[in-house]
Amino acid sequence: MLRTAYRLPLAIVGIAIAFAAPLAAQDAAAPTEEAETLALNHIGLAVSDLDASASFFIDTLGWKPAGGDPSYPAKFVTNGEMFVTLWRVTDPASAVPFDRKTNVGLHHMAITVRDLATLDALYQRFQDHPRVEIEFGPEFLGNGPTTHMMIREPSGIRLEFIVPRGRMSEEERARPNPRTRD
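About the cut-offs
Residues numbered from 1 in each chain as written. Predicted model: local features only at pLDDT ≥ 70, side-chain atom pairs only at ≥ 80, totals over all residues. Heavy atoms only, no water. pLDDT = per-residue confidence, 0-100. Helix = DSSP H or I, 4+ residues; strand = E, 2+ residues; numbered from the N terminus. Contact = heavy atoms within 4.5 Å. Pairing = 2+ DSSP bridges. Salt bridge = Lys/Arg side-chain N within 4 Å of Asp/Glu carboxyl O. Buried < 20%, exposed > 50% of the residue type's maximum accessible area, 1.4 Å probe, protein only. Polar contact = N/O pair within 3.5 Å; in protein donor to acceptor, adjacent residues only side chain to side chain. Core = buried A, V, L, I, M, F, W, Y, C linked by side-chain atoms within 4.5 Å.

Asker: Quick one: what's the story with the confidence of the model for the chain, residue by residue and with numbers?
Answerer: Where the model shows low pLDDT, its predicted coordinates should not be examined in detail. Mean pLDDT over the chain works out to 76, with 72% of the residues at or above the 70 mark. Mean pLDDT across the elements of the chain ranges from a minimum in helix α1 (residues 2–28), with 40, to a maximum in strand β2 (residues 64–69), with 96. Confidence drops under pLDDT 50 across residues 1–28; counting only partners more than four residues distant or on other chains, this segment forms zero contacts.

Asker: Summarise the pairing of strand β4 (residues 83–88); cite the residues concerned and give the values.
Answerer: For a regular strand, the rule is simple: side chains alternate between the two faces of the sheet. The pairing of strand β1 (residues 37–47) with β4 spans five bridges and is parallel. Bridged to G44 within β4 is T85. With five bridges joining them, strand β3 (residues 74–78) and β4 adopt antiparallel strand pairing. Within β4, the residue paired with K75 across the bridge is L86.

Asker: Pulling in residues and values, what's your account of the pattern of salt bridges?
Answerer: Opposite charge on two side chains allows them to pair when their charged atoms are near. For the structure on display, the rule yields five salt bridges. When the shortest N-O distance is used, the salt bridge between E36 and R125 registers 3.1 Å. Remark: R125 occurs in helix α3 (residues 116–128) and E36 occurs in the loop between α1 and β1; sequence separation between them is 89 residues. We classify E36 as partly exposed; its relative accessible area is 31%.

Asker: Talk me through the side chain of T147; I want residue IDs and the actual numbers.
Answerer: You can see T147 is positioned in strand β7 (residues 147–152). For T147, a relative accessible area of 1% puts it in the buried group. From its side chain, T147 meets the backbone oxygen of P145 in a polar contact 2.7 Å long. If sequence neighbours within four positions are ignored, T147 has contacts with L116, L119, P138, E139, F140, L141, F161, I162, V163, M168, R175 and P178.

Asker: Outline the nonpolar core, supporting the account with residue identities and numerical values.
Answerer: In terms of nonpolar packing, the biggest core is built from 14 residues, with L119, F126, M149 and F161 touching the most fellow members. Elements that contribute at least two residues to this core include exactly β5 (108–113), α3, β7 and β8 (158–163). In terms of residue count, α3 provides more of this core than any other element does, five residues in total. When residues no more than four places from it in sequence are discounted, the contact partners of F126 are V132, I134, M149, I151 and F161. With seven residues, the next largest nonpolar core counts W63, V77, V84 and L86 among its residues.

Asker: Give a detailed account of the environment of S71, specifying residues and quantitative values.
Answerer: Within the secondary structure, S71 is located in the loop between β2 and β3. Residue S71 is classed as exposed on the basis of its relative accessible area of 65%. One polar contact links S71 to D69, side chain to side chain, over a distance of 2.6 Å.

Pasting the structure below:
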């Protein structure tokens with residue numbers, strides 16, 4: 001009985017040790033000035049069972065519904081700090097289940113960018129890169145003024161770069177859409 005009582009605390013200590021080294025490395029490598037890219041803005045996941053996946057985040061993890069798009073279909077969830085978009089694959093019956101060793105499982109990853117000038121500079125850099133595919137250049141997200149662009153990096157992973165409204169000056173917020181997508 002005594003051995004059983006120690007198993008859980010020892011497991012917790014093991015988990016704490018496993019996470020301590022990477023966290024210490026992140027702290028040690030913290031930049032002294034703001035980088036061009038800042039943080040994870042949101043993550044989009046392609047799922048085969050939209051209702052079950054949304055239920056997992058909402059009912060199991062305690063996240064809140066944050067909208068959706070019935071025409072896609074998609075459901076959006078948040079915990080107040082993180083935002084996840086869940087997109088149902090076109091044909092769930094024929095969808096290939098995710099295998100961490102053989103499949104890419106990310107719909108896209110959105111990265112907050114410092115400002116519009118940086119977004120434009122990144123766009124130019126991506127145009128010059130031989131293995132970056134630009135899906136669309138800087139444009140408003142919806143009606144704006146939040147501005148984003150979408151690329152595929154050299155391995156084909158879809159990445160969104162985004163400048164939220166709050167990172168813009170009043171003049172930038174009032175500007176017209178930099179590009180209208182077809």
